[in-house]
Amino acid sequence: MAGDALIELRGVNKHYGKLHVLRDIDLTVGRGEVVVVIGPSGSGKSTLCRAINRLETVESGSIKLDGRPLPEEGRALAQLRAEVGMVFQSFNLFAHKTVLANVMLAPVKVRKQKKDEAARHARELLDRVGLASQADKYPAQLSGGQQQRVAIARALAMDPKALLFDEPTSALDPEMINEVLEVMRRLARDGMTMVVVTHEMGFARSAANRVVFMDDGRIVEDRTPEEFFTAPRSERAKDFLSKILKH
């Protein structure tokens, strides 16, 4: 498995002032694996996710993507971000561009793809997330769930090696959450390497190969969903699960 590691973090530490948000993080994500990161608020989940494509810098330790250390800055970093797609809580779509133009933008600008080729690919991706008919609309004309699915199509447009999701459904109304999770489940089935920070335990159970439970900046457990949900080892995880699974 380590031979086919796509994402590797070793001894990663990060502070915000006095707050130690990532403590000696070791994590390996294999090619085609879906790793779901869960834990209480403030446990470092989002920081971990954002460190993987260097939206957050780290103070010590190493992060490798596909066997190569993360570049510090400049063109190499832009290239890395093209290889690791990111989907955020807020959809971050360009309001003045159509849905199709949003999905086409990066391949044309970063990959120097021809416009007609980028448009064709973008339409295929919109079809894949169930939004082929919305290509000519503007983001404001779509529901939150539809906008997030456009954001996923946009991340896929760069043909990334991995996708990072930072609480992709937490800004959505409950009835929209499932349509986004369904697209993510399909990506998982298609073999996309994914790191997903989420509060959606059903998704963690059904789509993850591994569940990583964080607390206080540390990885406390890293196990299969079956093991984690049925027999958590740590008191912290038991406590966390008893609180959320009661609802």
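Residues numbered from 1 in each chain as written. Predicted model: local features only at pLDDT ≥ 70, side-chain atom pairs only at ≥ 80, totals over all residues. Heavy atoms only, no water.

When the UniProt feature table is mapped to this numbering, "domain: ABC transporter" (unreviewed entry) covers residues 7-241. End C-alpha to end C-alpha, residues 7-241 measures 27 Å, and it is 39% helix and 26% strand. (UniProt positions renumbered as here; feature names shortened; annotations may be inferred. Helix = DSSP H or I, 4+ residues; strand = E, 2+ residues; numbered from the N terminus.)

End to end, helix α5 (residues 144-156) covers 19 Å across 13 residues, agreeing with the expected 18 Å (1.5 Å per residue, within 8%). Most of α5 is tucked away, with 13 of its 13 residues classed as buried. (Expected span 1.5 Å × (residues − 1). Buried < 20%, exposed > 50% of the residue type's maximum accessible area, 1.4 Å probe, protein only.)

The subject of this paragraph is the pairing of strand β6 (residues 84-87). Taking every second residue as pointing to the same face, both faces of β6 are buried, with Val84 and Met86 on one and Gly85 and Val87 on the other. Note that β6 and strand β7 (residues 162-166) share four bridges and pair parallel. Its bridge partner being in β7, Val87 is matched across the sheet by Phe165. (Pairing = 2+ DSSP bridges.)

Next up on the list: a positive patch on the surface. On the surface, a cluster of positive charge is contributed by Arg75, Lys109, Lys112 and Lys115. Relative to the assigned elements, Arg75 resides in helix α2 (residues 74-83). (Patch = residues over 30% accessible without salt bridge, like charges linked within 9 Å, V, L, I, M, F, W, Y side chains within 5 Å. Areas by Shrake-Rupley, 256 points an atom, 1.4 Å probe, with all protein chains shown as cover. Salt bridge = Lys/Arg side-chain N within 4 Å of Asp/Glu carboxyl O. Lys, Arg positive; Asp, Glu negative; His and termini not counted. Charge placed at Lys NZ, Arg CZ, Asp CG, Glu CD.)

Turning next to the layout of surface pockets. One number sums up the size of the largest pocket: a volume of about 520 Å³. In this structure, the largest pocket is lined by 19 residues; those nearest its centre are Arg81, Met86, Ala106, Arg154 and Met158. Broken down by secondary-structure element, the contributors of at least two residues to the lining of the largest pocket are α2, β6, α3 (99-109) and α5. Counting residues per element, the lining of the largest pocket draws most heavily on α3, at four residues. Looking at the lining of the largest pocket residue by residue, the classes come out as twelve nonpolar, four polar and three charged. (1 Å grid on protein atoms, 1.4 Å probe; cavity = no way out; pocket = protein on both sides within 12 Å on 5 of 7 lines; lining within 4 Å. Points joined across faces, edges and corners; volume = space filled by probe spheres on them. Nonpolar A, V, L, I, M, F, W, Y, C, P; charged D, E, K, R; others polar.)

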